[in-house]
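# A structural walkthrough
If you want the building blocks of each chain, they are given just below.
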Amino acid sequence: AASELEKILTETALADLLYDQKDYTGAAELYKKHINIKEGNTATYRYAQCLYDSGQYGMLLDWIDSLDQNIRRHSTIEQMEAYANLNLNNLDKASQLFKDLFEKNPGSLQYLVYYGMCRFRIGKENEAKIAFDTIKSRISESQNLIILAGGYEYIGEWEIAIDLAFKALENDPNNPRT
């Protein structure tokens with residue numbers, strides 16, 4: 001007879017296989033048996049990823065609300081919560097989450113760009129531009145210039161977007177992504 005640990009390992013391995021085959025519903029059912037909402041474990045994070053990847057954003061957000069605070073603050077969970085809110089058009093909530101993510105990860109410009117895009121979509125164009133302007137002079141890497149150029153383009157600031165893209169191209173003329 002298989003021990004309880006062997007059973008857990010087997011079910012988790014099967015869930016990983018289903019996940020890799022993009023059967024998120026089947027994987028989620030197996031991961032859900034082994035999640036730990038107090039301390040978190042691999043099954044906890046993979047379950048959340050299954051809900052996100054299968055587009056069950058509302059269910060994901062409800063489930064996140066049930067998690068212990070220390071797990072809710074895990075970067076993977078915070079990112080999924082922000083993107084799920086964005087996908088559900090909860091733009092005020094999404095913008096706040098993206099702002100928090102950027103403050104915790106100032107090197108991850110995409111969070112600031114998503115923050116600005118959310119603010120723009122709820123009619124707070126000025127807040128988007130101020131956020132972008134605040135960091136514009138502090139970045140110089142081609143990839144970051146392109147990310148920020150995308151943000152400016154989104155809010156209709158074409159001239160600034162073109163200037164940033166040109167600067168990125170000058171920095172790295174052989175990079176096909178610039």
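First, a word on scope: everything that follows refers to the structure included in this document. Because the structure is predicted, anything quoted here is derived from the model rather than measured.

Looking now at helix α10 (residues 142–154). Here α10 is 13 residues long and its end C-alpha atoms lie 18 Å apart, about the 18 Å a rise of 1.5 Å per residue gives. What α10 keeps buried is the set S142, N144, L145, L148, A149, G151 and Y152. In the stretch just after α10, G156 is the one whose phi turns positive, near 85 degrees.

On to the nonpolar core, then. Counting residues in hydrophobic clusters, the biggest one holds 55 residues, and the most contacted among them are Y31, L60, W63, I77, F98, L148 and Y152. Non-local contacts of Y31, meaning those with residues more than four positions away in its chain, are made with T12, A15, D16, Y19, A43, R46, Y47 and C50.

To continue, consider the pattern of salt bridges. Considering all chains together, one arrives at 9 salt bridges under this definition. The salt bridge partner of K33 is E11, with a shortest N-O separation of 3.2 Å. You can see K33 sitting in the loop between α2 (24–32) and α3 (42–53) and its partner E11 sitting in helix α1 (residues 4–20), a full 22 residues away along the chain. Between R46 and D16 there is a salt bridge; the shortest N-O distance is 3.4 Å.

Criteria and thresholds
Residues numbered from 1 in each chain as written. Predicted model: local features only at pLDDT ≥ 70, side-chain atom pairs only at ≥ 80, totals over all residues. Heavy atoms only, no water. Helix = DSSP H or I, 4+ residues; strand = E, 2+ residues; numbered from the N terminus. Expected span 1.5 Å × (residues − 1). Buried < 20%, exposed > 50% of the residue type's maximum accessible area, 1.4 Å probe, protein only. Core = buried A, V, L, I, M, F, W, Y, C linked by side-chain atoms within 4.5 Å. Contact = heavy atoms within 4.5 Å. Salt bridge = Lys/Arg side-chain N within 4 Å of Asp/Glu carboxyl O.

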